[in-house]
Amino acid sequence: MKKAIFLLIALIMLLVGYKSFFFVVDITEYAIVTELGKPKKTVKEPGLYFRIPFVQQIIFFSKKLLEYDAPPSEILTKDKKTLVVDNYCRWKIVEPLKFYLSFRDVRSALARIDDIIYSEMRIELGKHNLIDVVSDNRNEIMRNVTKASRIKAKDFGIEIIDIRIKRADLPPENEKAVYARMKAERARIAKQYRSEGREEAQKIRAKTEKERTIILAEAYRKVQRIKGDTDAKVIKIYAEAYNLDPDFYDFLKKLEVYEQTFDNKTKLFISTDSYFFKLLKKGP
């Protein structure tokens, strides 16, 4: 019994000694070794490491991508509109020693990150009107905020990966009035566009009508010229035919007159000595 108790005590002392002399760094962690409260070295690679018991303490920081969800805050835009902006940030620790010397822990770091982001957000949104923030320009605005915040956070061993606006709302007391003004402005712009559209349509119709008139006039002129040329050729042919045989020409013209005058239902009452009846009575 005494031997078993002795072995148990020895095992406990061995375990305690093991934890006192060694520490393990996970692949997802950094380790800061402090000696009597002062940083001694930084461990960035995973593995088993030695330490001096009771003298050296180990502080671990995560290598993982971290998120910070900032509380909503009011920011003034360029056109003097107040926005309640709710944003979040993704960040990570890249220089653990700088981070430790600056903050000691993550909670203090989050407070500093919030100050940096709010400051840059206020500066950037102050350069833009409300409509730019709530429209497609938001992505460009947030890229500028991320870039400026990343530069400032670098001094603390932090890398800002991305900053995004989750929601940007008007304060309840201003929301209705601002939306009413925005609606009126959009109605004015729409009315202007419609007026300009009607004016442009009228110009197009007038231009089209003018071109139509010119085309029709040109076509009529060409038709009359062709018709005139054709009539001249016909007259010439008739004249030549008449000169060749006047009696035959006279006979053909009378036949044409008869053809155009008579049909199955035609009834004529004329004198037998009429010139019109002459061809029917005597023949050619």
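Residues numbered from 1 in each chain as written. Predicted model: local features only at pLDDT ≥ 70, side-chain atom pairs only at ≥ 80, totals over all residues. Heavy atoms only, no water.

A. The arrangement of the pairing of strand β1 (residues 22-25) in detail. Of the two faces of β1, the one lined by Phe23 and Val25 is fully buried and the one lined by Phe22 and Val24 carries no buried residue. One ladder, built from four bridges, connects β1 with strand β4 (residues 47-50); its direction is antiparallel. Residue Phe23 lies in a different strand from β4, and its bridge partner there is Tyr49. (Buried < 20%, exposed > 50% of the residue type's maximum accessible area, 1.4 Å probe, protein only. Helix = DSSP H or I, 4+ residues; strand = E, 2+ residues; numbered from the N terminus. Pairing = 2+ DSSP bridges.)

B. Structural context of the packing of aromatic side chains. Under the criterion given, the structure shown has six aromatic pairs. Considering the side-chain rings of Phe22 and Phe50, the 5.9 Å spacing of their centres and the 75° angle between planes classify their relative orientation as edge-to-face. Residue Phe22 is located in strand β1, and its partner Phe50 is located in strand β4; the two are separated by 28 residues in the primary sequence. Looking at Phe22, the relative accessible area reads 33%, which means it is partly exposed. The class for Phe50 is partly exposed, based on a relative accessible area of 46%. Both rings, one in Phe61 and one in Tyr100, keep their centres 6.4 Å apart while their planes meet at 55°; by these two values the pair is tilted. (Phe/Tyr/Trp six-rings, centres within 6.5 Å; stacked < 30°, edge-to-face > 60°.)

C. Spatial organisation of the pairing of strand β3 (residues 38-43). By the bridge criterion, five bridges tie strand β2 (residues 29-35) to β3 in an arrangement that is antiparallel. By the bridge assignment for β3, Ala31 is matched with Val43. Hairpin remark: β2 followed by β3, antiparallel, with two residues in the connecting loop; positive phi at Leu36, about 55°.

D. Layout of the pattern of salt bridges. Within this structure, the stated rule accounts for nine salt bridges. Here Lys152 makes a salt bridge to Glu120, at a shortest N to O gap of 2.7 Å. Placement of Lys152 in helix α5 (residues 138-154) and of Glu120 in helix α3 (residues 106-125) is noted, with a sequence separation of 32 residues between them. When its relative accessible area of 9% is taken as the criterion, Glu120 is described as buried. The salt bridge partner of Glu218 is Arg221, with a shortest N-O separation of 2.4 Å. Pair noted here: Glu218 and Arg221 are both in helix α6 (residues 172-244), with a separation of three residues, about one helical turn. Residue classification places Glu218 among the partly exposed positions, given a relative accessible area of 32%. (Salt bridge = Lys/Arg side-chain N within 4 Å of Asp/Glu carboxyl O.)

E. Fine view of the environment of Cys89. As for its position among the elements, Cys89 is in strand β8 (residues 82-93). Using a relative accessible area of 0% as the deciding quantity, one classes Cys89 as buried. Considering only alpha carbons, one finds Cys89 and Leu66, 23 residues apart in sequence, at a separation of 8.3 Å.

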